[in-house]
There are 4 protein chains.
Amino acid sequence: MIGHGFMGATHSQGWRTAPHVFDLPADIEMTVVVGRNATATADAAAKWGWAESATDWREVIARDDIDLVDIVTPGDSHAEIAIAALEAGKHVLCEKPLANTVDEAEAMADAAARAAARGIRAMVGFTYRRVPAVTFLRDLIAEGVVGTVQQVRAAYRQDWLVDPQMPLAWRLQKEHAGSGALGDIGAHIIDMTQFVTGQTVDAVSGTIDTIVKERPLLGSGSGLSGVAAEGYGEVTVDDVAIFTGRLSSGALVSFEATRFATGRKNALTLEVSGDMGALAFDLEDLNSLRFYDRTTPDDRQGFTKILVTEARHPYVAAWWPPGHMLGYEHGFSHQVVDFVTAVAEGSDPHPSFAEGLSVQRVLDAVERSAENESSWVRVAVSVPAST
Amino acid sequence: MIGHGFMGATHSQGWRTAPHVFDLPADIEMTVVVGRNATATADAAAKWGWAESATDWREVIARDDIDLVDIVTPGDSHAEIAIAALEAGKHVLCEKPLANTVDEAEAMADAAARAAARGIRAMVGFTYRRVPAVTFLRDLIAEGVVGTVQQVRAAYRQDWLVDPQMPLAWRLQKEHAGSGALGDIGAHIIDMTQFVTGQTVDAVSGTIDTIVKERPLLGSGSGLSGVAAEGYGEVTVDDVAIFTGRLSSGALVSFEATRFATGRKNALTLEVSGDMGALAFDLEDLNSLRFYDRTTPDDRQGFTKILVTEARHPYVAAWWPPGHMLGYEHGFSHQVVDFVTAVAEGSDPHPSFAEGLSVQRVLDAVERSAENESSWVRVAVSVPAST
Amino acid sequence: MIGHGFMGATHSQGWRTAPHVFDLPADIEMTVVVGRNATATADAAAKWGWAESATDWREVIARDDIDLVDIVTPGDSHAEIAIAALEAGKHVLCEKPLANTVDEAEAMADAAARAAARGIRAMVGFTYRRVPAVTFLRDLIAEGVVGTVQQVRAAYRQDWLVDPQMPLAWRLQKEHAGSGALGDIGAHIIDMTQFVTGQTVDAVSGTIDTIVKERPLLGSGSGLSGVAAEGYGEVTVDDVAIFTGRLSSGALVSFEATRFATGRKNALTLEVSGDMGALAFDLEDLNSLRFYDRTTPDDRQGFTKILVTEARHPYVAAWWPPGHMLGYEHGFSHQVVDFVTAVAEGSDPHPSFAEGLSVQRVLDAVERSAENESSWVRVAVSVPAST
Amino acid sequence: MIGHGFMGATHSQGWRTAPHVFDLPADIEMTVVVGRNATATADAAAKWGWAESATDWREVIARDDIDLVDIVTPGDSHAEIAIAALEAGKHVLCEKPLANTVDEAEAMADAAARAAARGIRAMVGFTYRRVPAVTFLRDLIAEGVVGTVQQVRAAYRQDWLVDPQMPLAWRLQKEHAGSGALGDIGAHIIDMTQFVTGQTVDAVSGTIDTIVKERPLLGSGSGLSGVAAEGYGEVTVDDVAIFTGRLSSGALVSFEATRFATGRKNALTLEVSGDMGALAFDLEDLNSLRFYDRTTPDDRQGFTKILVTEARHPYVAAWWPPGHMLGYEHGFSHQVVDFVTAVAEGSDPHPSFAEGLSVQRVLDAVERSAENESSWVRVAVSVPAST
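Predicted model only: the values in this text are computed from it and were never measured.

Describing the relation of the copies chain C and chain D
By a simple turn and slide, chain C fits onto chain D: the slide is 0.0 Å along the axis, the RMSD is 0.0 Å, and the turn is 180 degrees. Taken together, these values place the two copies in the relation of a two-fold axis. Closest approach to the rotation axis among the C-alpha atoms of chain C is made by C:Ser375, whose C-alpha sits 2.4 Å away.

What about the packing of helix α1 (residues 6-21) of chain D against helix α9 (residues 330-345) of chain D?
Residue and element names in this part refer to chain D. Axis separation between α1 and α9 bottoms out at 7 Å; the angle between their running directions is 60 degrees. The pairing of α1 with α9 is recorded here as oblique in orientation. In this structure, α1 crosses over α9, and the sense of that crossing is right-handed. Where α1 abuts α9, its residues Met7, Thr10, His11, Gln13, Gly14, Trp15, Thr17 and Ala18 lie against Phe332, Ser333, Gln335, Val336, Val337 and Val340. Residue classes in the contact of α1 with α9 are distributed as seven nonpolar, seven polar and no charged.

A look at empty space enclosed by the protein
Over the atoms rolls a probe the size of a water molecule, and its path tells where empty space is left. Inspection of the entire model under this criterion finds 10 cavities of 30 Å³ or more. When its volume is computed, the largest cavity comes out at roughly 200 Å³. Along its surface, the largest cavity is lined by 23 residues, and A:Ile242, A:Ser254, B:Ile242, B:Ser254 and B:Phe255 are the ones closest to its centre. Along the lines of polarity and charge, the residues of the lining of the largest cavity split into eight nonpolar, 11 polar and four charged.

Quick notes on the interface of chain C and chain B
Contacts between the two partners involve 35 residues from chain C and, on the opposite side, 35 residues from chain B. When chain C packs against chain B, the two sides together hide about 2,800 Å² of surface, and 59% of this comes from carbon and sulfur. Contact with chain B buries surface across chain C, with C:His20, C:Lys47 and C:Trp320 losing the most and accounting together for 24% of the total. The tally of links from chain C across to chain B stands at two salt bridges. Between C:Asp23 and B:Lys47 there is a salt bridge, with the nearest N and O atoms lying 3.9 Å from each other. Where chain C packs against chain B, one counts 13 residue pairs in polar contact (both at pLDDT 80 or more). Secondary-structure elements contributing two or more residues to the side of chain C that touches chain B are α1 (6-21) and α2 (38-48) of chain C.

What to know about helix α2 (residues 38-48) of chain D
For an α-helix, 3.6 residues make a turn, and residues three or four places apart therefore share a direction. When α2(D) is considered as a whole, its buried residues turn out to be D:Thr41, D:Ala44, D:Ala45 and D:Trp48. All buried residues of α2(D) fall inside an arc of 100 degrees around its axis, so they share one side. Seen from the open side of α2(D), the exposed residues pointing more than 90 degrees away from its buried face are D:Thr39, D:Asp43 and D:Ala46. Taken together, the buried residues of α2(D) touch α1 (6-21) of chain A together with α1, β1 (32-34) and β2 (52-54) of chain D. The N-capping residue of α2(D), defined by a side-chain oxygen 3.0 Å from the backbone nitrogen of D:Thr39, is D:Asn37. In the segment just after α2(D), D:Gly49 is the residue with positive phi, at about 95 degrees.

Focus on the UniProt feature "domain: Gfo/Idh/MocA-like oxidoreductase N-terminal" (unreviewed entry) in chain A
Taking the UniProt record as the reference, the feature "domain: Gfo/Idh/MocA-like oxidoreductase N-terminal" (unreviewed entry) is found at residues 1-116 of chain A. When the span residues 1-116 of chain A is considered, its composition is 49% helix and 13% strand, and the gap between its end C-alpha atoms is 21 Å.

Some words on the sheet that holds strand β5 (residues 122-125) of chain D
All names here are of chain D. Pairing in this open sheet of three strands is parallel, and the strands run β3-β4-β5 from one edge to the other. This sheet does not close on itself; its edge strands, each paired only once, are β3 (68-71) and β5. Neighbouring strand axes in the sheet, compared pairwise and without regard to direction, differ in orientation by 15 degrees on average. Sheet analysis places β3 next to strand β4 (residues 91-95), joined by four bridges and oriented parallel. Opposite Val69, over in β4, you have Val92 as the bridge partner. Against the sheet, α1 makes contact with β3 and β4, and its axis sits at roughly 135 degrees relative to β4, the strand it touches most. Along the sheet, helix α10 (residues 353-371) contacts β4 and β5; its crossing angle with β5, the most-contacted strand, is approximately 40 degrees.

Quick word on the relation of the copies chain C and chain B
Expressed as a screw operation, the relation of chain C to chain B combines 0.0 Å of axial shift with a rotation of 180 degrees, fitting to an RMSD of 0.0 Å. Both copies contact each other with a shared surface, as 100% of the interface residues of chain C are interface residues in chain B too.

Comments concerning the sheet that holds strand β5 (residues 122-125) of chain C
Residue and element names in this part refer to chain C. Strand order across the open sheet formed by three strands is β3-β4-β5, with parallel pairing between neighbours. Two strands close off the open sheet at either side, each with one partner strand: β3 (68-71) and β5. In this sheet, neighbouring strand axes are inclined to one another by 15 degrees on average, regardless of whether the strands run parallel or antiparallel. Bridge count for strand β4 (residues 91-95) against β5 is four bridges, and the pairing is parallel. Within β5, the residue paired with Leu93 across the bridge is Met123.

A look at the environment of A:Val124
Residue and element names in this part refer to chain A. Note that Val124 resides in strand β5 (residues 122-125). Expressed as a C-alpha distance, the spacing of Val124 and Asn372, which sit 248 residues apart in the sequence, is 30 Å. The contact partners of Val124, leaving out residues within four places of it in the chain, are Cys94, Glu95, Lys96, Leu98, Pro351, Ser352, Phe353 and Gly356.

Cut-offs and rules
Residues numbered from 1 in each chain as written. Chains lettered and ligands numbered in written order. Predicted model: local features only at pLDDT ≥ 70, side-chain atom pairs only at ≥ 80, totals over all residues. Heavy atoms only, no water. Least-squares fit on C-alpha atoms with pLDDT ≥ 70 in both. Axes fitted to C-alpha atoms, helices over the stretch in contact; angles between N-to-C directions. Helix = DSSP H or I, 4+ residues; strand = E, 2+ residues; numbered from the N terminus. Parallel < 35°, antiparallel > 145°, perpendicular 65-115°, else oblique. Left-handed = near helix turned anticlockwise from the far one by under 90°. Contact = heavy atoms within 4.5 Å. Nonpolar A, V, L, I, M, F, W, Y, C, P; charged D, E, K, R; others polar. 1 Å grid on protein atoms, 1.4 Å probe; cavity = no way out; pocket = protein on both sides within 12 Å on 5 of 7 lines; lining within 4 Å. Points joined across faces, edges and corners; volume = space filled by probe spheres on them. Buried area = accessible area lost by both parts, 1.4 Å probe. Salt bridge = Lys/Arg side-chain N within 4 Å of Asp/Glu carboxyl O. Polar contact = N/O pair within 3.5 Å; in protein donor to acceptor, adjacent residues only side chain to side chain. Buried < 20%, exposed > 50% of the residue type's maximum accessible area, 1.4 Å probe, protein only. Arc of directions from axis to C-beta. UniProt positions renumbered as here; feature names shortened; annotations may be inferred. Pairing = 2+ DSSP bridges.

Take a look at the structure:
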């Protein structure tokens, strides 16, 4: 695993837990964590259950005893590491967003396509696809229960930037994060929309804005840890992105990604409206989904709150009995299950790097629309050059 | 009262009920209902408690025993009737939207301004302002409980057009309705946003779309009554409008008005996010609002569901004890209370025709933006020419 | 109408509104309100739309121009007035509870049975039966959608007594109110349980308690109006009643009636669990009910929130379009519709006095159980002596 | 760990995860799982991450390399194993209920008291105490935010027995399970009520019932696996228990435990009402609690939904950022943290065996009340004989 921030903790939980809950087709050895700071990396390795730690990712991906590389660094280093790892013949799981730019993402998708030809697999970590309720929602749409999708409403709302004294972390600096609310959480709702509908977002019209334009600087090396600020610095990413998308079928999608929705902590909400029914999901109530069925008698129609904790629901049989709730981290175990299974079976895992690139192109189109008075912009077609 | 459709029933309920529940500063006599079809109008008058019926609105507004005219006809006739009534010295309550075009609305606002100089009052019927929870939400924002408004999220979602066999009613024809979802329900969320924030929507970027483009025609004179269709006709108004607005403070608003949100019957939802707190409202749960207070200790923050049925809440003392729910129609009684009070006290009622014009200008700007690739369009300044 | 307290206002709203919304089989004239205090009664008559006021109910029920008597006085006077009115040949609508004692209720049920033989109708005012969602819930059970009822959970929770300084109102004095939470709100959940299941509560085991045993006295004539207290007096009714009932089928019901559920204003909740499904209702969300259908595939089962505002739902067609909410008071219009229809058609209205007596007998059994260490007590059979 | 059923899986997840998420004061080695069937036990050990498996628990508790024994067998074997383990000087974590009878539980509490004198710790596994929202609810009550507790409402409702063809599992046989809904899930709400209020349930009046009295028999060795039934057998435990308790303060508690609440999967709900506020919890929404604060202005009171996912909340800092949900299993990690910490620090863990005995005595009193026409029964005082 390259990187050991917050995503290092969640990925470690997935690698550590999946083999003890699911029947995996291969054994997992948690070999080594890589980070710049040797002490911090060693601590992380010890805490999270990895056998070793290291500081040079190039050395690690050259090792013969490493089959798979999990990348959880900030987005600006994804392309370099992922491409090198794929070229070294390692299967790669890369945390989302795939990259900070479309160019990087294209290079990664190309590398993944070349690697696939050699039996090497690559997957990008949109783990919310693997919340059982989201997977089941996708299955229900594929089964046709909502009929033709006529509109979609997707939002991801948080509030951790409402306080203007929240310091200028790396996530607020374009050179590290690439993008703000748009790239961080907007990416999730774009991917989820494309995933559940089976369609692509082909054009967008969008607005992005930075509500608090300056924030306290922190001294070098400090995080959110309360170290005294050294003046103020400019926030170079967006705080909020509101955009409209058009799916390949022509249906409209309203998107909203914001870090200023006071009181909303992690409110990813999705509603898909079709001519036969509708499905709705809310990440703050992640064990359930709501299904409206227009084919039942009209005096008893309504949104049914389905508790997605039955053994028949995706991934659930391996866990607990009905009504015993799962949480945020379970998606990371499911990601391990699916990636390891794909590697073992020799099949292409999803979301692929091409799918990650597709999200990146939508993000890029939103930014270009925002720069051009929010005029509609077509999203480039997402076919990797090498295929 | 001119007109006797659905809004005739709700306005009648308001006129009939308000004097028996509230202490009004003037007596109300429900004198006459006007409609084109003499029999239907007489039936409506008898059913709803009006003393007489008539077929010529010009004669009625000329009568000396009429002090106040309530207009509930489709939007294309509002301007002519309202201006004539104001010029005849009658106080005018006009159902929303104020008019079908900005030109008409400007003429009406001018007429209202001239009439006001003579002590004649005019009000437009955005009754949702008078749902106690909405009035209280506005009061709380004015009091400062959410601090500086940083973003707003407003939607009005219905689903009565999901069925493609729903016939081509007048509301789906541009010549009668002026606009579709945008003008009908989008108008409500624009007015409510401006009302609760005390700000204006100064610019917009929007998209409108017609999802089902042809619908069954009905024979002349038929409504939604199931009379056999005579072929198909074109839907000439929008089914869905998604737009972003910028408030006078610079804050962004996401707007969505749709008649294709499967399973959503009357889902007007509003959320105002500020740097000290947030407030949220849902018309399908209209006796309550949700308040998030960032000034409380952070381990006990959350959205508080306030049941707006206490005697201290707006309008409630006249009704029932705490926890005894009010419904949709109560806003129409409150509208009567406020308008009659303004007339009796000689004060200007709200929403004024100028406020109705302001909404109309936003609607117009959305349409122009939609025609121009969704580019941002500034909303014309809403000062009546005559003031 | 005899009496002019809170229930006078709600009943007046029903009498005044029903003819203008529904097509009634008879005309309604709101003739006279009767009360002890001439001025207050005249004020009430004027405010609520009654033609006259009077102070002697005996004179009023002797009048030839009175066909129907609506009794909204405290429970200790119900029996005398209702029996006299029935014997005078007047149809009688009597607010719940039917009486303060089983003896009185038996005499009333006897009088009603004798009157029915002469074509005179009597009904008791359990208006919550006429909330559309409750009526519809009953219809669904009768249709068999929940299968065999296996258990029921019914509660009515309020919090207006939590404040120990709330004064000693008549509702807290046994001589006037007969009972406390048990008789006032417990009566509602007993009636609703019997109504929706079509069964009787045949035995009970219960506990009643008075949490705050002394409260501030008020001077003569004062209500809850904040007049200075004159010392403290004993609360002679219960604050809370928790009891278990056994239905005629053998199924258990858990009942709870309390005025000490802090934060719960008017929380009447009911859940009926059967072997094929379940139905749940909450008066604080009175436009909807929840339906769980065990006959659907188990991966999409869940509680469906049915918005009971469709034209097909009971009483709704006369009101507003789908999604336009009704409130507490609408049940009083529906009561008028049903009673006037029964009178006009010559059919027996429900809930009958015999049904009101049945509730009274359950209340009495709960009190006897509570006095006997909560041992199970059989409810007397509810057949009026004269039938 | 002795036993390897469903609770073996959850306890293993706790042992495996806690050291990697929390900073524990001692290292954990998952040494050996014990079960009767050697193969099944070996499989469980391999799957769940235990180093060895064994079939004789007596041999295992005699081993020098074992410091702590975790008992997850059915209740009928708890006493024998726990007492032997404590006497062998092992710290003991015993899954709830402590035992199947009061006699056994008393012997266990005695053994724990004797062991404590030698520095050996014993804890019983009411893990719901360790859901962060429940722990926080307890803390808030202790802090005084609800004032004096005036009543409590506690229910645990499931529906897995609604289907009459659900076979006669060991949980439905008195000789193995000791009790039905009462002992299995009723135990949880008794413990939680005592835990959060800091009071004891001193007397009860209760009813228990078996709704489906006969169920399909399964051949020896089969579980719920669909093996063909061999006729029908009698259900010897209760399906539903409804009881009223009186706390040491005199306040009443309504309890309901049922396996026949159609559509309710794991609905443990608790509401504590005090003179200053109220707190409510629902296990199906386990990341939040609701707090009603009567000390705020009455026009903005309401239930606040607190998302208990902030770093300040109990146990949460070790997990994920705000709004990232935890699930059912996290309580088992928290249990490990608390027990290991108590052992390392030499303090007495909670819930102690004495607390487990206390629950057992309440359960026993409910059964005796039910056998005696539901008359009130005092709960025996819970002081272990040896202290």
